[in-house]
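Listed below are the residues making up each chain.
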Amino acid sequence: MVVAKKFVLARQCQGFPKESDFELVEEELPPLKENEYLAEAVYLSVDPYMRGYMPRVKLNTTMYGTQVAKIVESRSLKFPVGQYVLGPFGWRTHTVVPENGPTYVGMETYLLPDFQGLPISLALGVLGMPGNTALFGLLELCQPKAGETVVVSGAAGAVGSHAGQIAKIKGCIVIGIAGSDEKGKWLTEELGFDYFINYKTQNVEEELRKAAPQGVDCYYDNVGGEITTTVLNQMNAFGRVALSGSISSYNSIGPFKVTTPNLTIVLQQLKLEGFIVTRWNHRWMEGIQQNLQWIQQGKLKYRETVTEGFENIFKAFTDMLEGVNVGKAIVKV
């Protein structure tokens, strides 16, 4: 009998998550049935969107999240022992999985492709959901052209740092917005961003006018709020905006007040589109292979912030929400 550890949502968060909102419990797993396999967690993902989805998680059920797991027992020909799988199994150490699932909010379960020697943890980052979010969101919605100016908010996170690098690959001028000079140094000196704005210590409106005197053509938005209003007000006619996330509002209590620049949107004829990356599930492996190729060509770099120990996933989660991480935040079980 396998005993799994899991974190369940004990109560819905009011504002910023508290450790008491979760409970660590044990669960005895049943023997495998035909076409099932046992997955043992190796790496767990913590992502900003998880805070946004928490109201959908039923109380006393496993907290949602994706993981890279190793198949340690199997009664499925499609999922053999020894292979690694990416699945939305949640904050748990072991999972009995049917070969046709599970799926959650559109995220599907699949065997990892060959990463050609790269770490399997990248399936939670640059070679997984964040990587595809950056790739499809930027290229399909913003459609940046060489010479255009692209602004990325949340630029030092897993998605933002990736989107900015793709914009550079496409020949754009890239401005990153993040919350520390250390992050800014990484973005400009290692990833090739042209400019960096520290929204905590600088005036974003003034600095953006200096960095983009001719205006902004594309905006990849991970944060929402006043930063987004500021960027929209400096966009050129027919600018394109990909709305990927709203980090600034995830922990808000009550109405979230922000000025909406409707007149700018109308007069500049801006195109804004929100998206969830699972709309491109049918092209998922295409995105992974493109990102893998860029890594191999030296055009795409990545960084992981790793927290050791399953029991420390709450700390990893809240550190990520506070912007402590650089690049992708993961937990090594």
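Residues numbered from 1 in each chain as written. Predicted model: local features only at pLDDT ≥ 70, side-chain atom pairs only at ≥ 80, totals over all residues. Heavy atoms only, no water.

Participant: Sorry, what's going on with the sheet that holds strand S12 (residues 235-243) here?
Facilitator: Strand pairing within a sheet occurs via backbone hydrogen bonds; the two strands may be parallel or antiparallel. Spatially, S10-S9-S8-S11-S12-S13 is the arrangement adopted by the six strands of the open sheet, whose pairing is parallel. Taken across any chain shown, the strands that pair with only one partner, and hence form the sheet edges, are strand S10 (195-198) and strand S13 (271-274). Direction aside, the axes of adjacent strands within the sheet are offset by 15 degrees on average. Where strand S8 (residues 149-153) meets strand S9 (residues 173-178), five bridges bridge the pair, whose relative direction is parallel. Within the sheet, the bridge partner assigned to valine 152 lies in S9 and is glycine 176. Across the sheet, helix H4 (residues 181-190) touches S9 and S10, and the angle it forms with S10 is around 170 degrees. (Pairing = 2+ DSSP bridges. Helix = DSSP H or I, 4+ residues; strand = E, 2+ residues; numbered from the N terminus. Axes fitted to C-alpha atoms, helices over the stretch in contact; angles between N-to-C directions. Contact = heavy atoms within 4.5 Å.)

Participant: Would you explain unusual backbone geometry in this entry?
Facilitator: Where the residue is not glycine, phi is negative for most of them; where a peptide bond is considered, it is trans in most cases. Here the amide bond leading from glycine 101 into proline 102 is cis, since omega sits at 0 degrees, within 30 degrees of zero. Its identity is not glycine, yet glutamine 116 carries a phi of approximately 55 degrees, on the positive side. Take glutamine 116: it is sitting in the loop between strand S7 (110-111) and helix H2 (129-142). Backbone geometry at glutamine 143 places phi at a positive 50 degrees, although glycine is not the residue there. For glutamine 143, the location among the structural elements is in the loop between H2 and S8.

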